[in-house]
Amino acid sequence: MSEKASNPPNYPVYPDLEEKKPSESSASGKKAFMDHGPEDMALVVKAADFATRKHRFQKRKDLAQTPYINHPIGVAFILTNEAKVFDSAVIAAAMLHDTVEDTKTTFDEIKEHFGQEIHDIVKECTDDKSLPKQTRKQLQIEHAAGHSHKAKLVKLADKLYNLRDAERAAPVGWDKRRVKEYFKWSKDVVAQMKGTNETLEIALDQIINKHLA
Ligand SMILES: Nc1nc2c(ncn2[C@@H]2O[C@H](COP(=O)(O)OP(=O)(O)O)[C@@H](OP(=O)(O)OP(=O)(O)O)[C@H]2O)c(=O)[nH]1
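Below you will find a few notes about this structure. (Residues numbered from 1 in each chain as written. Predicted model: local features only at pLDDT ≥ 70, side-chain atom pairs only at ≥ 80, totals over all residues. Heavy atoms only, no water.)

A closer look at the packing of aromatic side chains
Under the convention used in this document: Side-chain rings of Phe, Tyr and Trp, where Trp is taken by its six-membered ring, are said to pair if the distance between their centres is within 6.5 Å; with planes under 30 degrees apart they count as stacked, over 60 as edge-to-face, and otherwise as tilted. Only protein chains enter the area calculation, which uses a 1.4 Å probe; residues under 20% of their type maximum are buried, those over 50% are exposed, and those in between are partly exposed. Going along the chain from the N terminus, every DSSP run of H or I of four or more residues is numbered as a helix, and every run of E of two or more is numbered as a strand. Only when the NZ atom of a Lys or the CZ atom of an Arg is both within 6 Å of the ring centre and within 35 degrees of the ring normal do we say a charge sits over the ring.
Applying the stated criterion across every chain yields a total of three aromatic pairs. Between Trp174 and Tyr182, the aromatic rings sit 5.4 Å apart at their centres with planes inclined by 50 degrees, giving tilted as the arrangement. Residue classification places Trp174 among the partly exposed positions, given a relative accessible area of 21%. Relative to Trp185, the ring of Tyr182 lies with its centre 5.5 Å away and its plane at 45 degrees, an arrangement referred to as tilted. With Tyr182 and Trp185 both in helix H10 (residues 176–191) and three residues apart, the pair spans about one turn of that helix. The same class applies to Tyr182 as to Trp185, namely buried. Chaining the aromatic ring pairs together yields one cluster made of Trp174, Tyr182 and Trp185. Cation over ring: Arg178 sits above Trp174, and NZ or CZ is 4.0 Å from the ring centre.

Laid out in structure tokens, this is it:
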């Protein structure tokens, strides 16, 4: 049976989100979108295209081996559709945030194709994978408060996506204790970025409290 045929008629694509048709969008929402020019749209699509090429052979760690690109696109989705962040540099950086950390992409490439500002945001969101894991995780807690506002937005949306993923379909080999550890560590990172974006922080608090209660 095709995927389309197996879906019930009103299957919600985003179960926890109020479903709105474009024609129902608020006047202020329309204005926020129209304030941006074609260059913003082109930049975001260019970043999506770049990230898709770079992550093309990668899978997520879940049993279904979901294509990795679902993650950066999902982070950009959370920022735009949930947190109502429409800054094209932030959205492009969200698309690109794992390219240097997880593929052979260099910071110079990011700078060449996307400019200094997006380069800087991506750099702030990139862990040094040559460091031992415990050190990397500790550094995320220590560095979080000092990040720029734009990098904090990407980092918060990244954590929210990964926590939802850990809840939905944890990486293969993660038992309940490992999932809980990831929630505890994420709580410590997120705590350093309070006051960045209310919507993201409420959603993070809710999912973290649910798992650490
Ligand atoms: N929950 C979840 N995470 C997955 C999955 N597939 C890949 N990941 C990635 O794995 C990382 C979390 O796994 P860990 O074992 O804690 O960290 P590590 O891969 O960096 O060593 C996250 O990377 P990260 O981008 O560096 O994020 P973060 O560790 O900074 O939060 C996340 O994006 C999946 O199916 N579910």
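Still more ground to cover, so stick around.
A short note on the site of the ligand
The criterion, for reference: Being near a molecule or strand, for a residue, comes down to having at least one heavy atom within 4 Å of it. N or O atoms closer than or at 3.5 Å make up a polar contact, with two conditions inside protein: a donor-capable atom paired with an acceptor-capable one, and, for residues adjacent in sequence, both atoms drawn from side chains. Areas reported here follow the Shrake-Rupley algorithm with a probe of radius 1.4 Å; residue values treat only the protein chains shown as occluding. Classification used: nonpolar for Ala, Val, Leu, Ile, Met, Phe, Trp, Tyr, Cys and Pro, charged for Asp, Glu, Lys and Arg, polar for all others including Gly.
Lining the immediate surroundings of the ligand are 21 residues, of which Lys61, Lys133, Lys137, Gln140 and Tyr182 lie closest. Here Arg178 contributes a side-chain N or O atom positioned 3.0 Å from an oxygen atom of the ligand. The fraction of the free accessible surface of the ligand (670 Å²) that becomes covered by protein chains is 94%. Looking at the shell around the ligand, the elements with two or more residues in it are helix H8 (133–144), helix H9 (149–168) and H10. Per-element accounting of the shell around the ligand gives the leading share, five residues, to H9. Residue classes in the shell around the ligand are distributed as six nonpolar, two polar and 13 charged.

Regarding the packing of helix H7 (residues 107–124) against H9
How two helices pack is summed up by the angle between their axes together with the distance between the axes. Going by this rule: Throughout, an axis means a line fitted to C-alpha atoms (over the contacting stretch in the case of helices), and angles, computed between N-to-C directions, take values from 0 to 180 degrees. Our angle categories are set so that under 35 degrees counts as roughly parallel, over 145 as roughly antiparallel, 65 to 115 as roughly perpendicular, and the remainder as oblique. Left-handed describes a crossing whose near helix is turned anticlockwise from the far helix through less than a right angle; right-handed describes the clockwise counterpart. The contact rule is simple, with two residues in contact once any of their heavy atoms fall within 4.5 Å.
Here H7 crosses H9 at 50 degrees, and the two axes come no closer than 9 Å. In terms of orientation, H7 lies oblique with respect to H9. Here H7 and H9 pass one another in a crossing that is right-handed. Residues Glu117, Ile121 and Glu124 of H7 touch H9, and the partners they reach there are Lys150, Ala151, Val154 and Lys155. Residues of the contact of H7 with H9, tallied by class, amount to three nonpolar, no polar and four charged.

Some remarks on the nonpolar core
The line we're drawing: We define a nonpolar core as any set of buried Ala, Val, Leu, Ile, Met, Phe, Trp, Tyr and Cys residues linked to one another through side-chain atoms lying within 4.5 Å.
Among the nonpolar cores identified, the biggest contains 48 residues, and Leu79, Ile118, Val154 and Leu200 are the most heavily contacted of them. Those elements that place two or more of their residues in this core are helix H3 (38–54), helix H4 (70–82), helix H5 (88–96), H7, H8, H9, H10 and helix H11 (198–212). If you tally residues by element for this core, the top one is H9, at nine residues. Setting aside chain neighbours within four positions, we find Ile118 in contact with Leu43, Ala89, Ala92, Ala93, Leu96 and Ile110.

What about the pattern of salt bridges?
Two side chains that carry opposite charge are able to pair once their charged atoms sit near each other. Going by this rule: A side-chain nitrogen of Lys or Arg and a carboxyl oxygen of Asp or Glu constitute a salt bridge if their distance falls within 4 Å.
If you walk through the whole model with that rule in mind, you get 12 salt bridges. In this structure, the salt-bridge partner of Arg53 is Asp49, at a minimum N-O distance of 2.8 Å. Of the two residues, Arg53 and Asp49 are both situated in helix H3; the distance of four residues between them amounts to about one turn of the helix. Exposure remark for Arg53: the relative accessible area of 51% places this residue in the exposed category. Given the relative accessible area of 36%, Asp49 is considered partly exposed. One salt bridge in this structure joins Asp102 and Lys129, with 3.0 Å as the shortest N-O distance.

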